[in-house]
Amino acid sequence: MADVSIREAIHDELAHPVADTNTGISNTKLAMWLFLASECLLFGGLITTYLLYKTPLTAEQGPAPKQVYDIPFTSVSSFVLLMSSLTMVLAVAAIERGDHHRVRTWLAATALLGATFVAGQVYEFTVFKGEGMGYTTSRSSSAFYTLTGFHGVHVTVGIIMLVSVLLLSLRGKIPVSRAETVETVGLYWHFVDVVWIVIFAVVYLIP
Amino acid sequence: MALIEPGPLALNSGGQSDDFKPLGVLSRPVAPKASWRRWLFTVDHKKIGIMYGTAAMFFFVIGGSEALLIRAQLWAPRGTLLSAELYNQMFTMHGTTMVFLVVMPIGAAFANFLMPLQIGARDVAFPRINAFSFWCFLGGGLFLQSSWLFGGGADGGWFMYAPNSGVLFSPGHGIDFWNLGLIIAGIASLTGAINLIVTVLNLRCPGMSLMRMPIFTWMTLVTQFLLLFAIPVLTAAQFLLMFDRLFRANFFNVANGGNPLLWEHLFWVFGHPEVYLMILPAFGLVSEMLPVFSRKPIFGYPFIVFSGVAIGFMGWGVWAHHMFVSGIGPISVTTFSLTTMFIAVPTGVKILNWTATMWGGKLKFTTPMLFSIGLVTMFTIGGLSGVTHSVAPADTQQTDTYYIVAHFHYVLFGGAFLGFMGGLYFYWPKLFGHMLNESLGKAHFWLMLLGFNLTFGPMHILGLQGMSRRIYTYDAGYGFEIWNKVATIGAFLLASSVALFLFNVFYSRVKAKHLPNPGPDPWDARTIEWMIPSPVPEYNFEPVPTVTRVDDFWYRKYAETPDHRLVRVHATDEVAQPGGATNVHLPSPSYWPIVAAFSLPFIAYGLIYSLWLCLVGGIALVTALYGWALEPPDHPGGDHGDHHGPDDESSEGHAVPVEAPVGIDEKEVETVG
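Residues numbered from 1 in each chain as written. Chains lettered and ligands numbered in written order. Predicted model: local features only at pLDDT ≥ 70, side-chain atom pairs only at ≥ 80, totals over all residues.

Structural notes on the overall build of chain B
(1) Moving on: Helix and strand counts for chain B come out as 19 helices and two strands.
(2) Moving on: In chain B, which comprises 673 residues, the proportion classed as buried is 54%.
(3) Moving on: Looking at chain B alone, contacts between residues at least 24 apart form 81% of all its contacts between residues at least 6 apart. (Helix = DSSP H or I, 4+ residues; strand = E, 2+ residues; numbered from the N terminus. Buried ≥ 20, exposed ≤ 12 C-beta atoms within 10 Å, placed from the backbone. Contact = placed C-beta atoms within 7 Å.)

Digging into the overall build of chain A
(1) Moving on: On a plain count of helices and strands, chain A comes out with seven helices and zero strands.
(2) Moving on: For chain A, the α and β elements follow one another from N to C terminus as α-α-α-α-α-α-α.
(3) Moving on: When the backbone C-alpha atoms are referred to their principal axes, chain A occupies close to 70 × 35 × 25 Å.
(4) Moving on: By the burial criterion, 40% of the 207 residues in chain A qualify as buried.

Points about helix α3 (residues 84–118) of chain B
Residues and elements named next belong to chain B.
(1) Moving on: Compared with an ideal rise of 1.5 Å per residue, which puts 35 residues at 51 Å, α3 spans 48 Å between its outermost C-alpha atoms and is within 8% of the ideal.
(2) Moving on: In the structure, α3 departs most strongly from a straight axis at Met98, where the bend amounts to approximately 35 degrees.
(3) Moving on: Along α3, 31 of the 35 residues are buried, which leaves the element largely enclosed by surrounding structure.
(4) Moving on: Gly120 sits one or two residues past α3 and shows a positive phi near 70 degrees. (Expected span 1.5 Å × (residues − 1). Bend = angle between axes of the 7 residues up to and from the residue.)

Some details on the packing of helix α7 (residues 260–294) of chain B against helix α9 (residues 330–358) of chain B
Residue and element names in this part refer to chain B.
(1) Moving on: Axis separation between α7 and α9 bottoms out at 9 Å; the angle between their running directions is 20 degrees. The angle between α7 and α9 falls in the class roughly parallel. The two elements α7 and α9 meet at a crossing, and its hand is left-handed. Contact residues: α7 offers Phe283, Val286, Leu290, Pro291 and Ser294, while α9 offers Lys350, Trp354, Thr357 and Met358.
(2) Moving on: For the contact of α7 with α9, the class distribution of residues is six nonpolar, two polar and one charged. (Axes fitted to C-alpha atoms, helices over the stretch in contact; angles between N-to-C directions. Parallel < 35°, antiparallel > 145°, perpendicular 65-115°, else oblique. Left-handed = near helix turned anticlockwise from the far one by under 90°. Nonpolar A, V, L, I, M, F, W, Y, C, P; charged D, E, K, R; others polar.)

As for the nonpolar core
Residue and element names in this part refer to chain B.
(1) Moving on: One finds Ile184 and Ile197 to be the most contacted residues of the largest nonpolar core, which totals 229 residues.
(2) Moving on: Counting residues per element, this core draws most heavily on helix α6 (residues 215–247), which supplies 22 residues.
(3) Moving on: Setting aside residues up to four positions removed in sequence, Ile184 forms contacts with Cys136, Gly139, Gly140, Phe143, Leu600, Pro601 and Ala604. (Core = buried A, V, L, I, M, F, W, Y, C linked by C-beta atoms within 7 Å.)

Description of the environment of Leu36(A)
Residues and elements named next belong to chain A.
(1) Moving on: Mapped onto the elements, Leu36 comes out in helix α2 (residues 27–52).
(2) Moving on: A residue is classified by how many C-beta atoms lie within 10 Å of it, and Leu36, with 16 of them, is partly exposed.
(3) Moving on: Through-space distance from the C-alpha of Leu36 to that of Glu124 is 27 Å; in sequence the pair is 88 residues apart.
(4) Moving on: For Leu36, the contacting residues outside a window of four places in its chain are Leu187 and Phe191.

Structural notes on the environment of Leu182(B)
Residues and elements named next belong to chain B.
(1) Moving on: Position of Leu182 among the secondary structure elements: in helix α5 (residues 174–202).
(2) Moving on: In this structure, the C-alpha to C-alpha distance between Leu182 and Gln238, residues 56 residues apart in sequence, is 8.4 Å.
(3) Moving on: Setting aside residues up to four positions removed in sequence, Leu182 forms contacts with Phe100, Gly140, Leu144 and Gln238.

Description of unusual backbone geometry
Residue and element names in this part refer to chain B.
(1) Moving on: Residue Ala162 is joined to Pro163 through a cis peptide bond whose omega torsion reads -5 degrees.
(2) Moving on: By the element assignment, Pro163 lies in the loop between α4 (127–145) and α5.
(3) Moving on: Pro535 follows Ser534 through a cis peptide bond whose omega is -10 degrees.
(4) Moving on: Counting through the fold element by element, Pro535 comes out in the loop between α14 (481–512) and α15 (552–557).
(5) Moving on: Of note, the phi angle at Arg470 is positive, near 65 degrees, even though the residue is not glycine.
(6) Moving on: Mapped onto the elements of the fold, Arg470 is located in the loop between α13 (438–465) and α14.
(7) Moving on: Judged by the 12 C-beta atoms lying within 10 Å of it, Arg470 falls in the exposed class.

A word on helix α5 (residues 100–130) of chain A
Residues and elements named next belong to chain A.
(1) Moving on: Relative to the 45 Å expected for 31 residues at 1.5 Å per residue, α5 spans 45 Å between its end C-alpha atoms, a close match to the ideal helical length.
(2) Moving on: For α5, the full list of buried residues reads Val103, Trp106, Leu107, Thr110, Ala111, Leu113, Gly114, Phe117 and Phe128.
(3) Moving on: If you follow the buried residues of α5, they end up packed against α3 (65–68), α4 (71–97), α6 (139–170) and α7 (179–205).
(4) Moving on: Once α5 ends, the next one or two residues include Gly132, with phi positive near 95 degrees.

Focus on the packing of α5(B) against helix α17 (residues 592–608) of chain B
All names here are of chain B.
(1) Moving on: Where α5 meets α17, the closest approach of the two axes is 10 Å, and the angle between their N-to-C directions is 155 degrees. Judged on the interaxial angle alone, α17 and α5 are roughly antiparallel. Crossing hand, α5 versus α17: right-handed. Touching Asp176, Leu180 and Ile184 of α5 are Leu600, Pro601, Ala604, Leu607 and Ile608, all from α17.
(2) Moving on: Split into classes, the residues belonging to the contact of α5 with α17 amount to seven nonpolar, no polar and one charged.

Things to note about the confidence of the model for chain A
(1) Moving on: Per-residue pLDDT for chain A has a mean of 90; in total, 91% of the residues score no lower than 70.
(2) Moving on: In this model residues 1–19 of chain A is a low-confidence stretch, pLDDT under 50, and it forms 28 contacts with partners more than four residues away in sequence or in other chains. (pLDDT = per-residue confidence, 0-100.)

So, the confidence of the model for chain B
A low pLDDT means the predicted coordinates there should not be read in detail.
Residue and element names in this part refer to chain B.
(1) Moving on: Taken as a whole, chain B shows an average pLDDT of 89; of its residues, 89% reach a score of 70 or greater.
(2) Moving on: Low pLDDT (under 50) marks residues 1–24, which in the prediction has 40 contacts with non-local residues, meaning those over four places away or in another chain.
(3) Moving on: For the stretch residues 636–673, pLDDT sits under 50, and the model shows 101 contacts to residues farther than four places along the chain or on other chains.
(4) Moving on: Two numbers describe this predicted complex: its pTM, 0.90, and its ipTM, 0.91.

Rendered as structure tokens:
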């Protein structure tokens, strides 16, 4: 049974031509692009809400988000998240070369960097709460936590996907013919990063 | 082929090689010939389409009963049938049910059943996600309706304006049920939209370029794009409302600076594309039916297509005409007045093209044709009253009166619903293999048209007289009595026409046992779904056709002489597919879509009552998603022909070689290679 993969390859090539779709883009990749397009509107709605509510109604209603931000700290965690996009690209490049060892290394690195970012967010939330900005404190705090929390959940889902792919790869279920799996997860991951760039700029940096 | 050792083919994705004996739930169900399991675990787009339609009719009866209660309450001044509280719940649940659980799913039913047939596909791109979408819609809809059993329905109107939607003004759980139920139904719409867009773009048969697609398929594509971008905006707004109501956030809490206008904007940015995505599928159906019964090609195919696309784009720029009296300022009012006037243009183009299609045609007034003409005329009335809303000063007078109620029922019932009814009569043989009775159908049409106009026609007058909507009663002496009585009589006529339709369904089914099969093409139709047997075989097309022009099937039957006369060149039986193909590889059924979908209402109940239920639902969801991702593409021992359905890709998006029967010999392997 050593030739299972060869038999697979033959079956793949003959019965399932690579670009057997009208657009030449595989169904799954096109679906991911469409999903991400739709996500833009979800985050669009939440970012708009934050911009409308960025200051509390009155000063008595607790601190505004921009009074409690620790820009250097968040810059570092943003940098960590951006670097995870780099490792994700390296993972995709590795699977296309068929270098399974490096695929696993870079997937693990990406998941780890993502987890670092989420940990930083949890820490940041704890500090903000300690400084008197709870979820229900003011309209600004609700908007801030909802927007960044939604993003954090997206990163967490991405980490779960990365770890799942990593486990599948360790069990030998991600051959080169399935390279697109890694690429599709990568699309999602890059999207989550890009959204963070927008959130970091709009929410944290612009006064 | 020397590379291939004799012996069983293994699943590519697992270590199981010699004896593949998957653990119970990780195998895929084997569908017995006739059983409820055949429907429960199906991934067949036709079965899913039929289930969408059936569920929508079920919710239609619920929403219709609510409407009858409303009309009975308004029969006379100071009615006492419903209390003010109950009346608020009735009109809220009526609107919500009709929009989200009737019109949208009937559109989805046609899109699911018909669109893959029209593009010559074997199934949709993601059959399991398709099943998930349906069960998710059903779960969300039943969850929403279950609010009646848990202390009453939502009471804020289907648009659920803040701050009335807050706990302060609506302390019961009705609005929570509304909110969470529609989030679940939104997930169904979103996954469905992605699935159907990929199907249209990727799975067209050879020769089926975009500009050769049937109009219904085009309108489905536009509709699904509208859903793709409109649903997340509503979902975002509903999450904000959920956090407000369940976790005491401050988004719409006016005391802490929450802005009710934020909800209005988010809701109508969703809500106006929503009305177009409800009407466009019906426009598509009418564009299929009118040419068939006029025996002429559709007039100006590219104009019909591009006006639909234009409606799709312009639909995003008119939302604030729902908010002219909310104080958005003169510049906004002017802008949205203008865009609202402009969007009437592509709609007018369609009306013109349909009229021109009928002009000079050999009209056959069958039931589907009557409903189509009904749509064109009734929608025109509704469209014209719609344009009057773009005149902001007039709209200021009309806001919140029955004039608005009259308008949107003319476009949604007179437009969308009549179109869907015509579509049902038209495609019934494709759905179930027999025709609906024509005489009963025509009686149904005339009774429905009469009831509809008696119900909603007088509401124009009531509105202009100043009768407010959403108020549970009215006083005598304002001249409202007579028209309210007419409307109530009309509503009950309308209900009896629906009963007549349901009777026709059962009557025709019984009668059909003594009638011959109507054959593939009972209407002498134009598009390729009519070249396959009625009812449609499980594999749709075999062989997959090659299309060379718009209305391809028509031109296989007919040719034009030099002086532009039609001559029949082939009998239908010569060009239709006989059916009876075997050995077509189709996606296997799956347990996981329904498990994943039904875990969501558990999470929703949990958010309202006890977070422990969320844990149960969450575990079920995660289990289902992993079961889904890891299940084999086929049931073991399944037949593997050379023809491949779209589910040969796993959920992670790569081609998965399909498991062959155990004990396959080399000769069979050679045929694969």
